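# Notes for the structure review
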Amino acid sequence: MNYDLDMKIRDKMKLSEEKSDYGKSVIEIKDLRKSFGDNHVLNGFNLTLKEGGNLVIMGKSGSGKSVMIKCIVGLVAPDSGSVKILGKEINNLNRKAMDELRLDIGFLFQGSALYDSMTVRENLEFPMRRHKKKLGVGKDTKPLVLEALENVGLAHTIDLMPSELSGGMKRRVALARTLILKPKVILYDEPTSGLDPITSKEIIELMHNVQKRYGTSSLIITHDVDCARVISDRMILLVDGINYAEGTYAELSKSTDPKVEAFFKN
Ligand SMILES: Nc1ncnc2c1ncn2[C@@H]1O[C@H](COP(=O)(O)OP(=O)(O)OP(=O)(O)O)[C@@H](O)[C@H]1O
């Protein structure tokens, strides 16, 4: 090994870490702005999700949470501002590079979106088809499918159709499908919406376990105060297109600011 070169590289890395003023950030948004005509949705929004972190974004309906997520995955082009994912400025990426980056990002959207005409196994195999190389799997994908289903406690459903599953089970299968690609970061959009309180609690616990087991970083959009309490290590309250308040659940839930208090009243 070239020791000097090795030291130089390490020094360089150390320097760039010190320069950046944070450990490793997986998502970094700076001064993000997006308007649709006169509708100024994001007016200088900032966010930093650190490696292994669980950041919850709360905002009223129509406050721009989905627009923000779409800016992160390149589905909406911001008017200005910077969005960096895993150190890459997405505004500078071409389509191929963006597709590659998306491999490291898992999504769990509202409504789970399983393919109704496919079995659970086929649903899980589907996203793997294009990425077998990255995953290092051959033709037999069943062991990986089973492992992913076991992680969400649903190995026995492998040959069932989505119509044979409850809402909570569908959500868990969708999480297994997300996990199978071993993403570095997972974006959850309303992971508990439409579920009863008990099933919501199960999903929240599952998200928590996934986080602990894989050390995945998570960005979670939710209206669910219980979800935020259990899962977040930091929260951002999005009001009028900016970070109106930011802190831990414990800090924000004690606030006497009426706009902040409103988030914690059910
Ligand atoms: N493609 C678009 N064209 C025009 N306006 C849009 C578009 N997408 C979103 N908007 C507007 O941006 C605003 C924010 O929408 P967004 O879907 O981000 O809200 P949200 O916070 O995710 O709401 P909810 O909690 O109800 O899902 C809304 O006023 C919406 O009408």
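No experiment lies behind these values; they were computed from the predicted model shown. (Residues numbered from 1 in each chain as written. Predicted model: local features only at pLDDT ≥ 70, side-chain atom pairs only at ≥ 80, totals over all residues.)

### Quick notes on the overall build of the protein
Counting its regular elements, the protein contains 11 helices and 10 strands. Per-residue burial over the protein gives 32% buried out of 266 residues. Taking the contacts inside the protein whose residues are at least 6 apart along the sequence as the reference set, 66% of them involve residues at least 24 apart. (Helix = DSSP H or I, 4+ residues; strand = E, 2+ residues; numbered from the N terminus. Buried ≥ 20, exposed ≤ 12 C-beta atoms within 10 Å, placed from the backbone. Contact = placed C-beta atoms within 7 Å.)

### Side note on the nonpolar core
In terms of nonpolar packing, the biggest core is built from 57 residues, with Ile27, Val56, Ile57, Met58, Ala176 and Leu219 touching the most fellow members. Here this core takes 6 residues from helix 7 (residues 167-179), the largest share from any one element. Composition of this core by domain shows at least three residues from each of domain 1 (24-104 + 185-266) and domain 2 (116-182). (Core = buried A, V, L, I, M, F, W, Y, C linked by C-beta atoms within 7 Å. Domains from an automatic or database assignment.)

### Concerning the domain arrangement of the protein
When its domains are assigned, the protein resolves into domain 1 (24-104 + 185-266) and domain 2 (116-182). On a C-alpha basis, the centres of domain 1 and domain 2 stand 25 Å from each other. Facing the 9 residues of domain 1 at the interface are 11 residues of domain 2. When grouped by side-chain class, the residues that make up the side of domain 1 that touches domain 2 number 6 nonpolar, 2 polar and 1 charged. (Nonpolar A, V, L, I, M, F, W, Y, C, P; charged D, E, K, R; others polar.)

### Quick word on the pairing of strand 2 (residues 39-50)
As paired elements, strand 1 (residues 25-36) and strand 2 share 9 bridges and run antiparallel to each other. Along strand 2, the bridge assignment pairs Ile29 with Leu47. Hairpin connection between strand 1 and strand 2: a loop of 2 residues separates the two successive antiparallel strands, and Gly37 in this loop has a positive phi of roughly 60 degrees. (Pairing = 2+ DSSP bridges.)

### Side note on the sheet that holds strand 8 (residues 217-221)
Ordered in space as 6-7-8-3-9-10, the 6 strands form an open sheet in which the pairing is mixed. Of all the strands in the sheet, the pair left with one neighbour each is strand 6 (105-108) and strand 10 (242-247). Ignoring which end each strand starts from, the neighbouring axes of this sheet average 20 degrees apart. This element, helix 2 (residues 65-72), spans strand 3 (54-59), strand 7 (185-189), strand 8 and strand 9 (234-239) of the sheet and lies at about 155 degrees to strand 7. Helix-sheet contacts for helix 7 involve strand 6 and strand 7, and the interaxial angle to strand 6 is about 170 degrees. (Axes fitted to C-alpha atoms, helices over the stretch in contact; angles between N-to-C directions.)

### A short note on the site of the ligand
Neighbouring the ligand are Phe36, Asn39, Val41, Gly59, Ser61, Gly62, Ser63, Gly64, Lys65, Ser66 and Val67. When contributions to the shell around the ligand are tallied by element, the ones reaching two or more residues are strand 2 and helix 2. Tallying contributions element by element places helix 2 first for the shell around the ligand, with 3 residues. When its residues are assigned to classes, the shell around the ligand shows 3 nonpolar, 7 polar and 1 charged. (Near = placed C-beta within 6 Å.)

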